[in-house]
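# Results of the structural survey
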Amino acid sequence: MTAAPWGSASILPISWAYILMMGGAGLTQATKVAILNANYVAKRLEGAYDILFKGGKGRVAHECILDTRPFADSVHVTVDDIAKRLIDNGFHAPTMSWPVAGTLMVEPTESETKAELDRFITAMLSIREEIAAIEKGEIDPENNPLKHAPHTVNALIGDWDRPYSREQGCFPPGAFRVDKYWPPVGRVDNVYGDRNLLCTCPPLESYAEAAE
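Before going into details, it helps to say that this report is about the structure given with it. (Residues numbered from 1 in each chain as written. Predicted model: local features only at pLDDT ≥ 70, side-chain atom pairs only at ≥ 80, totals over all residues. Heavy atoms only, no water.)

With 35 residues, helix α1 (residues 11-45) should reach 51 Å at 1.5 Å per residue; the first-to-last C-alpha distance of 34 Å falls well below that figure. The sharpest bend along α1 comes to roughly 100°, located at Gly23. Where the residues of α1 are buried, they touch β1 (50-52), β2 (64-67), β4 (103-106) and α4 (114-135). Count one or two residues on from α1 and you reach Gly47, which has phi positive near 100°. (Helix = DSSP H or I, 4+ residues; strand = E, 2+ residues; numbered from the N terminus. Expected span 1.5 Å × (residues − 1). Bend = angle between axes of the 7 residues up to and from the residue. Contact = heavy atoms within 4.5 Å.)

Glancing now at the sheet that holds β4. An order of β1-β2-β4-β3 is seen for the 4 strands of this open sheet, with the pairing classed as antiparallel. At either margin of the open sheet sits one strand with a lone partner, and together these are β1 and β3 (95-96). Where β3 and β4 come together, 2 bridges link them in antiparallel fashion. Note that in β4 the partner of Thr95 across the bridge is Met105. Docked against the sheet, α1 engages β1, β2 and β4, running at close to 25° with respect to β2. (Pairing = 2+ DSSP bridges. Axes fitted to C-alpha atoms, helices over the stretch in contact; angles between N-to-C directions.)

Applying the stated criterion across every chain yields a total of 4 aromatic pairs. Centroid distance Tyr49 to Phe71: 5.8 Å. Interplanar angle 80°. Geometry classified as edge-to-face. Placement of Tyr49 in the loop between α1 and β1 and of Phe71 in helix α2 (residues 69-75) is noted, with a sequence separation of 22 residues between them. Neither residue differs from the other here; Tyr49 and Phe71 are each classed as buried. Ring centres 5.6 Å apart and planes at 90° place the aromatic pair Trp160 and Tyr164 in the edge-to-face group. In terms of burial, Trp160 and Tyr164 fall into one category: buried. In this structure, Arg119 packs its charged tip against the face of Phe176, placed 4.1 Å from the ring centre. The lysine or arginine in question, Arg162, covers the ring of Trp160, its NZ or CZ lying 5.1 Å from the ring centre. (Phe/Tyr/Trp six-rings, centres within 6.5 Å; stacked < 30°, edge-to-face > 60°. Buried < 20%, exposed > 50% of the residue type's maximum accessible area, 1.4 Å probe, protein only. Lys NZ or Arg CZ within 6 Å of the ring centre and 35° of its normal.)

Here the focus is the side chain of Glu130. The topology assignment puts Glu130 in helix α4. The residues contacting Glu130, other than those within four sequence positions of it, are Arg85, Ile139, Pro145, Leu146 and Gln168.

What follows is the structure in structure tokens.
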């Protein structure tokens, strides 16, 4: 990576500095906490989500993979829907569809506090409850918080014609009431964006003119 044409020469010094500052005891402790955090998340979400790649004693390593594929099959709730709903809770989604397509790989590392882990768990459990409501026919399968996520300020203060409340849409369990993160845009079509690239750079002619 450091020797590639567009690689980053800082990758090795950053890793070296981290190892040097942590030392052997620090790295060992960080590894223990990272494994503990991942297993705490996996255990708390067990039953609500299937956990992939558990060992013989039912534990995971430093990451846990949540299988969301059954929801896509049963009620057409995809991993994208869950990831975008997490934005309403103030979370950037974990790694999506790797190493298994249609899953979330949660890798909390050693840096997350228990309070933040609990907030994430609360968010994931509330999302599972919304999926369950679709499964039971209690909410519309296409007109619900998951399918409309993420919710913006404009959505909150504008005309609200959705069958769920503003509070449920914008302040789900786990979201901060104060200092909440508000996404700048709502739901976008990921596939369309990937297939129809739009350059927002100035035209090439402007660079030529500036050079002259």
